[in-house]
Amino acid sequence: MKKNCLILFALLLTSLSFTSCSSDSSEASTTNNTTTETAQNYNHTTTEVQLLDLINDYRVEQGLSPLQIIEHISYKSSEHNTYMIETNSVNHDGFDDRKTNLQHVLGAYKVGENVAYGFSTPQAALTAWINSDGHRANLEGDYSHFGLSISQDANGRFYYTNMFIKK
């Protein structure tokens, strides 16, 4: 019974790591925001730059334009990784808030997001996204810019958030 529970937990965790989220909005949100939002800087690690390059290489192989990096998108991705680590769950919680922020701060009118968990290398995460219909749709989507963050929890597990926008 314990073995079956562990297998079920592993399957659930794996399925959650392959979820994707995107929102194709033809118009920016008209929500009034009383706070002043500004673009945030972000310093990418070598591993993050490697994954950004791998994503652009993949897009070019598919006949698509490479995406331009925007640090603010990576900053928002990092915030989400922190949340996932704090809640010990892989999810898209707060996606609408991130989307609204990217609309207000960057003028995005289309926003997509991929998340992943547990992959030890950028190539492994990208391969998993390519092998998932929803994630691949975001990788190959009609976007102009992107950003991502890779964070590690106290147990050494990696969390990935990759966001895409069109503006």
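Refer to the structure above for everything that follows.
Here is what the cut-offs are and how they apply
- Residues numbered from 1 in each chain as written.
- Predicted model: local features only at pLDDT ≥ 70, side-chain atom pairs only at ≥ 80, totals over all residues.
- Heavy atoms only, no water.
- Buried < 20%, exposed > 50% of the residue type's maximum accessible area, 1.4 Å probe, protein only.
- Helix = DSSP H or I, 4+ residues; strand = E, 2+ residues; numbered from the N terminus.
- Pairing = 2+ DSSP bridges.
- Salt bridge = Lys/Arg side-chain N within 4 Å of Asp/Glu carboxyl O.
- Polar contact = N/O pair within 3.5 Å; in protein donor to acceptor, adjacent residues only side chain to side chain.
- Contact = heavy atoms within 4.5 Å.

A. Structural detail: the pairing of strand β5 (residues 158-166). Judged by how many residues are buried, β5 sits mostly within the fold: eight of nine residues are covered. Relative to β5, strand β3 (residues 110-117) runs antiparallel, the two sharing eight bridges. Across the sheet, A116 pairs through a bridge with Y160, a residue of β5. Judged from the eight bridges that link them, strand β4 (residues 145-152) and β5 form a sheet pairing that is antiparallel. Within β5, the position partnered with S151 by the bridge is Y159. Here β4 folds back onto β5, and the loop between the two strands holds five residues, one of which, G156, carries a positive phi near 85°.

B. Here's a closer look at the pattern of salt bridges. Overall, the coordinates contain five salt bridges when judged by the stated rule. A salt bridge links D133 to R136, with the nearest nitrogen and oxygen atoms 2.6 Å apart. Taken together, the residues D133 and R136, both in helix α6 (residues 133-139) and three residues apart, mark about one turn of the helix. What makes D133 exposed here is its relative accessible area of 59%. One salt bridge connects D142 with K166, and the closest N-O pair in it is separated by 2.7 Å. Of the two residues, D142 sits in the loop between α6 and β4 while K166 sits in strand β5, which places them 24 residues apart along the sequence. The exposure class assigned to D142 is partly exposed, which follows from its relative accessible area of 46%.

C. Geometry of the side chain of H145. Within the secondary structure, H145 is located in strand β4. Within the structure, the side chain of H145 is placed 2.7 Å from the side chain of S144, a separation counted as a polar contact. If we ignore the near neighbours within four places in the chain, the residues touching H145 are L67, Q68, I70, I73, M163, F164, I165 and K167.

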